[in-house]
Amino acid sequence: MKSILTICTFFLLLCSCYGQQPKMFNADDLIIQWEVVENNYKGKTEFLSAFTITNYGSSLSAKGWSLYFNFPRMINSATVTGGVKIDHINGDFYRLYPGTGFKALATKQSLKVSFVAGAWAISISDAPSGMYIVWDDMPDKGTTLKNYSVKPSTQPKQYMRSASDKMELITPQRVYEQNRSIIDIPKADLIKVFPTPSFYKEGAGTFILGNGFTVLTKKEDELESEKSYLENELKKLLDVKKGASDKQIMLAKNNSGTGAYQLNVTPQTITITSGTNKGIFYGIQSLKTLIPPGAYKGSQTTIDIPVVNVIDSPRFGHRAFMLDVARNFHSKQQLLKLLDLMALYKLNVLHFHFSDDEGWRLEIPGLPELTEVGGRRGHTMSDENFLHPSFGSGPDLASHGTGFYSKADFIEILKYAKLRHIDVIPEIETPGHARAAVASMTARYNRLIKEGKKKAAEEYLLYHPLDTSKYKSVQRWYRNVMDVSLPSTYKFLEKVVDEIVVMYKDADAPLRTIHFGGDEVPGGVWAGSPVVQQLMRDNSSIKTIDDLWYYFYGNVNVMLKKKNLFLYGWEEIAMRKTTLDGKPFTIPNPDFSNQNMQVDVWNNVIGWGAEDLPYQLANAGYKVIMSPVSNMYFDLAYQKSFYEPGYYWGGYVDVDKPFYFIPFDYYRSSTEDINGNKITAQYFKNKARLTDYGKQNIPGIQGLLWSETVKSPEQLEYMLLPKLLALAERAWAKDPAWAAENDTTKALSLYKSDWSRFVNVAGKQELPRLDYYAGGFHYRIPTPGAIISNGKVVANSQFPGLAIRYTTDGKEPTSTSLLYTSPILYKGVIKMKLFSSNGRGGRQIEINNK
């Protein structure tokens, strides 16, 4: 026995000496917690945070292992403590490993690893994620660490960004004050068509819908698609085995304009008329919102539809929603469900962001590496077979980081969208945000070089092997920008465009433009490319590195025009760099201003100085889609709360932000800057105003959902809804009276009235509908507001119609807990939560009525 023990001891020592972890170590025995120690650390724009690593297993050796994780901040490696090192690999990917003097971590021993990183950390979305361990003797195998947690920040030094940060944590009292002006409007008094139509008049009686209804059209109107759609939508709601009806629904063409329609419901008939198929379709959506929300549970014997007369048309022709499927993948089924949602609320453009640094999600025939490499993420250090983890996707390929749409999938999506009168605009991120494409084509190059096929290898190369450029993007990526001097870059882009065009033709779907990105290209790119240097010698128009920008988009613009497409991109494609008083300065680029180029303008962050950029560009002749981060970035957190998911770099975006957005003069509704400091009209005194000419260059508005923090269908729907309802209202409905009222007191009164009506419609009609529509949506249920007044607890809700339930026994409220109907006299801790019509609850709050 003694000899066996000696052999085992010798084996353990040998493994330790050679840096190999004993096989009996269980990664589940490592307990790791991360916490913010202090923001504004030492008065700088950085913060101190720490891991506490506790070992409950056998001894963790002094070498031979590494922990990998994703983290949305740049770590200062020189500040790391605890005897370990942290290396930045690329993007948000880091490696933590034992330093030279690190000692083995014994059983039940803890280690604190602190480090300083840039900016600040406030919420759960700022924490490291996707942590896993890799042993040196199995370098290709990562094991997820299941016992990792994040400690909530509770002290001001942990959740305030700096001394200038006036944005306090949300509390039940603050929520109550935000909701105080909301009036609970009787359901019968609400307009039952959403978004708000131009004209609505409700009459007496109802149209009783049951099985056996008939949808009538004239052959010459060519409305078979809309007829079939309506029949299918109504049949989903009815019990096919019960009831009978001889009621008729008429769809007919008239002379009204594009998108305009009339909907007339009498007790005997429903008539929808329009000059276009699109208008008929919008009338059908209004009919669907007339249907009581409870009918969407299905299996209805009959459905009572109120008698109304509606005359309606859209305010904007471009009513868009952008979904990022590149950062984290979202399934085809989720996209189809999203299209159903967009159609219901008359949104007509899906901006399909399918490529970025962290993923390429669309199959391109002839370039399989784009999805084989760029469409997968897992543990790797080379990007030869797939990309490394990002956004907590972890070591395994089967995660939210992996996935793509086949050609057949995308054609199906296009057909589904076309049936719903939704245009899909694909986005190829260029020249920056292109790590997935660059890595994929580099893998292709390396493979073909090994096969001795040099010419083929260089055909679609996006990055020159001898490029020595030094740069780092805003998201901390290296080598993520296409080399715009390489002819192969343009051959690659034309190949992708041609294949996309074929897919649209196969789907018989409209394609008028392709979005070519253009945002956040870092300084330092291209300076070390030998091909760039040769191009600058050969082309006298390229005098500086900055001129390559105009060279690139000039070439792309020419290519697209030859294919009868117009160029679309982020705001940066329309800007020219120059100087003013010897300092860097940007202006609208006059070279492209009258070439039918369209741009998404996102940077209106209040306090950054570019608040008037959308108006500058529209006034200069660019077509501008209003896509402001301060109002329309749905991935930003709703409120400042540790457990509220989403980033906040552009501020916090609750439902009111898109609702009170005034597209042609959003200065009027801007009340605070990014740090919560109050601002007045004086702040915008020297900002450009939108001219009447500029108004003609704003085709529409767009809501956007970036997916860095969105890793599941439930999370997507949580960030999307109910914000999308406010987008739909602002994109479709006419300009509200409060937006043009110059008397500020009267404007505020009008706004409060409209806001009350909107949240009542949402809480009593649309959210209950969405509990069941298209299988049901996991929209965000807000927290209730609560205060103590005269010794009683008084509560309210952002959305009247949602049930407030509470407990006094310390337990978390459920859908069967006490229903709040009046102020609560109980003394002690009261827990409250809001619930949807199908019993799903939001986050609970606590209030102590002492």
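Residues numbered from 1 in each chain as written. Predicted model: local features only at pLDDT ≥ 70, side-chain atom pairs only at ≥ 80, totals over all residues. Heavy atoms only, no water.

1. Quick word on the overall build of the protein chain
Scanning the protein chain for helices and strands turns up 21 helices and 34 strands. For the protein chain, the C-alpha radius of gyration of 29 Å lies close to 29 Å, the compact-globule estimate for 850 residues. For the C-alpha atoms alone, the extent of the protein chain along its principal axes is close to 95 × 80 × 65 Å. Within the protein chain, residue pairs in contact and separated by at least 24 positions form 74% of the contacts whose partners lie at least 6 positions apart. Approximately 34100 Å² of the protein chain is accessible, and the part contributed by carbon and sulfur atoms is 53%. Distance from the positive charge centre (98 side chains) to the negative charge centre (87 side chains) of the protein chain: 3 Å. (Helix = DSSP H or I, 4+ residues; strand = E, 2+ residues; numbered from the N terminus. Rg over C-alpha atoms; globule rule 2.2 N^0.38 Å. Contact = heavy atoms within 4.5 Å. Areas by Shrake-Rupley, 256 points an atom, 1.4 Å probe, with all protein chains shown as cover. Lys, Arg positive; Asp, Glu negative; His and termini not counted. Charge placed at Lys NZ, Arg CZ, Asp CG, Glu CD.)

2. Focus on the nonpolar core
Ranked by size, the top nonpolar core spans 201 residues in total, and within it Trp-360, Phe-492, Phe-516 and Met-832 carry the most contacts. A total of 10 residues in this core trace back to one element, the largest contributor, which is helix α11 (residues 487–507). (Core = buried A, V, L, I, M, F, W, Y, C linked by side-chain atoms within 4.5 Å. Buried < 20%, exposed > 50% of the residue type's maximum accessible area, 1.4 Å probe, protein only.)

3. Some details on helix α9 (residues 435–450)
Since there are 3.6 residues in each turn of an α-helix, residues three or four apart along the chain are aligned in direction. The end-to-end C-alpha distance of α9, which contains 16 residues, comes to 22 Å, matching closely the 22 Å that a straight helix rising 1.5 Å per residue would cover. Most of α9 is tucked away, with 12 of its 16 residues classed as buried. For α9, the full list of buried residues reads Arg-435, Ala-436, Ala-437, Val-438, Ala-439, Ser-440, Met-441, Thr-442, Ala-443, Arg-444, Tyr-445 and Leu-448. In this structure, the buried side of α9 is in contact with β5 (84–90), β19 (355–356), β20 (359–360), α7 (369–372), α10 (454–457) and α11. Looking one or two residues beyond α9, the residue adopting positive phi is Gly-452, at roughly 80 degrees. (Expected span 1.5 Å × (residues − 1).)

4. Things to note about the pairing of strand β24 (residues 575–580)
Inspection of the sheet shows β24 paired to strand β25 (residues 583–588) by six bridges, in the antiparallel sense. When the bridges of β25 are listed, Met-575 appears paired with Pro-588. Here β24 folds back onto β25, and the loop between the two strands holds two residues, one of which, Asp-581, carries a positive phi near 55 degrees. (Pairing = 2+ DSSP bridges.)

5. Let's talk about the sheet that holds strand β12 (residues 214–216)
Here we have six strands laid out as an open sheet, ordered β11-β16-β14-β15-β13-β12, and mixed in their pairing. Lying at the two open borders of the sheet, with one neighbouring strand each, are β11 (199–210) and β12. Strand-to-strand twist of the sheet, defined as the mean angle between neighbouring strand axes without regard to direction, takes the value 20 degrees. Here β11 runs beside strand β16 (residues 302–312); their pairing, made up of nine bridges, is antiparallel. Residue pairing for β16: Glu-202 is matched across the bridge by Val-308. Contacting β11, β12 and β13 (248–253), helix α4 (residues 224–235) crosses the sheet at an angle of about 155 degrees to β13. (Axes fitted to C-alpha atoms, helices over the stretch in contact; angles between N-to-C directions.)

6. Re helix α8 (residues 407–419)
The first and last C-alpha atoms of α8 sit 19 Å apart over 13 residues, in line with the 18 Å expected at 1.5 Å per residue. For α8, the set of buried residues is Asp-409, Phe-410, Ile-411, Ile-413, Leu-414 and Ala-417. Residues of α8 that are buried in the fold lie against α6 (332–344), β18 (349–353), β21 (423–427) and α11. His-421 sits one or two residues past α8 and shows a positive phi near 55 degrees.

7. Here's the deal with the pairing of strand β27 (residues 623–626)
Within a regular strand, side chains alternate between the sheet's two faces. Where strand β26 (residues 598–601) meets β27, four bridges bridge the pair, whose relative direction is parallel. By the bridge assignment for β27, Gln-598 is matched with Lys-623. Between the parallel elements β26 and β27, the chain passes through helix α14 (residues 613–619) in a crossover that is right-handed. Bridge count between β27 and strand β28 (residues 700–705): two bridges; the pairing is parallel. (Right-handed = clockwise from strand over helix to strand, strands pointing away.)

8. What to know about the sheet that holds strand β33 (residues 828–835)
Within the open sheet, the four strands sit side by side as β32-β31-β33-β34. Their pairing is antiparallel. Pairing within the sheet leaves two strands with one partner each, and these edge strands are β32 (818–819) and β34 (845–849).

9. Quick word on empty space enclosed by the protein
According to the stated counting rule, one finds three cavities of 30 Å³ or more in the structure shown. Reported here for the largest cavity is a volume of approximately 40 Å³. Looking at the largest cavity, the residues that line it are Leu-414, Ala-417, Lys-418, Ile-422, Asp-423, Val-424, Tyr-504, Ala-509 and Pro-510. Looking at the lining of the largest cavity, the elements with two or more residues in it are α8 and β21. Here the lining of the largest cavity gets three residues from one element, more than from any other, and that element is α8. The residue makeup of the lining of the largest cavity, split by class, is seven nonpolar, no polar and two charged. (1 Å grid on protein atoms, 1.4 Å probe; cavity = no way out; pocket = protein on both sides within 12 Å on 5 of 7 lines; lining within 4 Å. Points joined across faces, edges and corners; volume = space filled by probe spheres on them. Nonpolar A, V, L, I, M, F, W, Y, C, P; charged D, E, K, R; others polar.)

10. Structural notes on the pattern of salt bridges
If you walk through the whole model with that rule in mind, you get 42 salt bridges. Between Glu-233 and Lys-236 there is a salt bridge; the shortest N-O distance is 2.8 Å. Judged by its relative accessible area of 9%, Glu-233 falls in the buried class. Classification of Lys-236 by relative accessible area gives exposed; the value is 54%. For the salt bridge of Arg-512 with Asp-423, the shortest nitrogen-to-oxygen distance reads 2.8 Å. A residue pair is termed long-range when its members are at least 10 positions apart, and Arg-512 in the loop between α11 and β22 (513–515) and Asp-423 in strand β21 qualify at 89 residues. Connected through salt bridges with shared partners, the residues Asp-324, Arg-327, Asp-356, Glu-358 and Glu-708 form a single ionic network. (Salt bridge = Lys/Arg side-chain N within 4 Å of Asp/Glu carboxyl O.)

11. What about the environment of Gly-317?
As for its placement among the helices and strands, Gly-317 is situated in the loop between β16 and β17 (318–324). Spatially, the C-alpha atom of Gly-317 lies 9.4 Å from that of Leu-347, the residues being 30 residues apart in sequence. Here Gly-317 is in contact with Asn-348 and Pro-699, once residues within four sequence places are set aside.

12. Some thoughts on the packing of helix α19 (residues 723–732) against helix α21 (residues 744–770)
Their axes nearest at 11 Å, the elements α19 and α21 cross at an angle of 120 degrees. In terms of orientation, α19 and α21 fall into the oblique class. For the element pair α19 and α21, the recorded crossing hand is right-handed. Along the contact surface, α19 presents Leu-725, Ala-726 and Glu-729, while α21 presents Phe-758, Ala-762, Glu-766, Leu-767 and Leu-770. For the contact of α19 with α21, a count of residues per class yields six nonpolar, no polar and two charged. (Parallel < 35°, antiparallel > 145°, perpendicular 65-115°, else oblique. Left-handed = near helix turned anticlockwise from the far one by under 90°.)

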